[in-house]
Amino acid sequence: MENKNQERTRSARLMNQPQVKEFVIVPPAEVRSGILSRGERFKAWLEASFPAYSFRLERQSALKADVFQVIPIMSGGLIGDAIVMCEAPAPGLVASIREACESFVAEAGQGLNA
């Protein structure tokens, strides 16, 4: 009986997974310094385009990439001693955020290139 109750509780938790609310953005190397120097303006641009989310800028990533890296923060907090993971964001959302990052670069012009 205890296992069934634990299973129901676990299933209920999974059904109520929180949504991702924050993303880490790592700019590509060629525009990184320009983006970081305009960090507040860049974050405001993203938050205006995606008001339900917040964004953090990072200087480095463990991954090599020539494009903006959009990394969702998947930790949804704790329930008791269990870590709750957020539901994975839709791939279209991540692609839209990356496109918005690229639009910022296009509007800012050549001044962002290292």
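Provided above is the structure to which this section pertains.
Residues numbered from 1 in each chain as written. Predicted model: local features only at pLDDT ≥ 70, side-chain atom pairs only at ≥ 80, totals over all residues. Heavy atoms only, no water.

1. Considering helix H3 (residues 39–49)
Piece 1. Inspection of H3 places Gly39, Phe42 and Leu46 among the buried residues, and these make up the whole buried set. An end-on view of H3 places all buried positions within 70° of arc, on one side of the element. Exposed positions of H3 whose direction lies more than 90 degrees from the buried face are Glu40, Arg41 and Ala48.
Piece 2. Summarising the contacts, the buried residues of H3 are in contact with strand E1 (22–26), helix H2 (29–37), strand E2 (54–57) and helix H4 (91–108). (Buried < 20%, exposed > 50% of the residue type's maximum accessible area, 1.4 Å probe, protein only. Helix = DSSP H or I, 4+ residues; strand = E, 2+ residues; numbered from the N terminus. Arc of directions from axis to C-beta. Contact = heavy atoms within 4.5 Å.)

2. Observations concerning the pattern of salt bridges
Piece 1. Scanning the entire structure with this criterion turns up 2 salt bridges.
Piece 2. In this structure, Arg56 engages Glu22 in a salt bridge whose closest nitrogen and oxygen atoms are separated by 3.7 Å. Here Glu22 lies in strand E1 and Arg56 lies in strand E2, a separation of 34 residues in the sequence.
Piece 3. Of the residues examined, Arg56 reaches a relative accessible area of 38% and is grouped as partly exposed.
Piece 4. Judged by its relative accessible area of 22%, Glu22 falls in the partly exposed class.
Piece 5. Residue Glu40 pairs with Lys43 through a salt bridge whose shortest N-O separation is 3.5 Å. In this pair, Glu40 and Lys43 both sit in helix H3, 3 residues apart, roughly one turn of the helix.
Piece 6. Classification of Lys43 by relative accessible area gives partly exposed; the value is 22%. (Salt bridge = Lys/Arg side-chain N within 4 Å of Asp/Glu carboxyl O.)

3. Notes on the packing of H3 against H4
Piece 1. Two elements in contact, H3 and H4, have axes whose closest approach is 10 Å; the angle formed by their N-to-C orientations is 130°. One element, H3, and the other, H4, form an angle in the oblique class. For the pair H3 and H4, the crossing hand works out as right-handed. Every residue of H4 that contacts H3 at Arg41, Phe42, Trp45 and Leu46 is listed here: Ile97, Ala100, Cys101, Ser103, Phe104 and Glu107. (Axes fitted to C-alpha atoms, helices over the stretch in contact; angles between N-to-C directions. Parallel < 35°, antiparallel > 145°, perpendicular 65-115°, else oblique. Left-handed = near helix turned anticlockwise from the far one by under 90°.)

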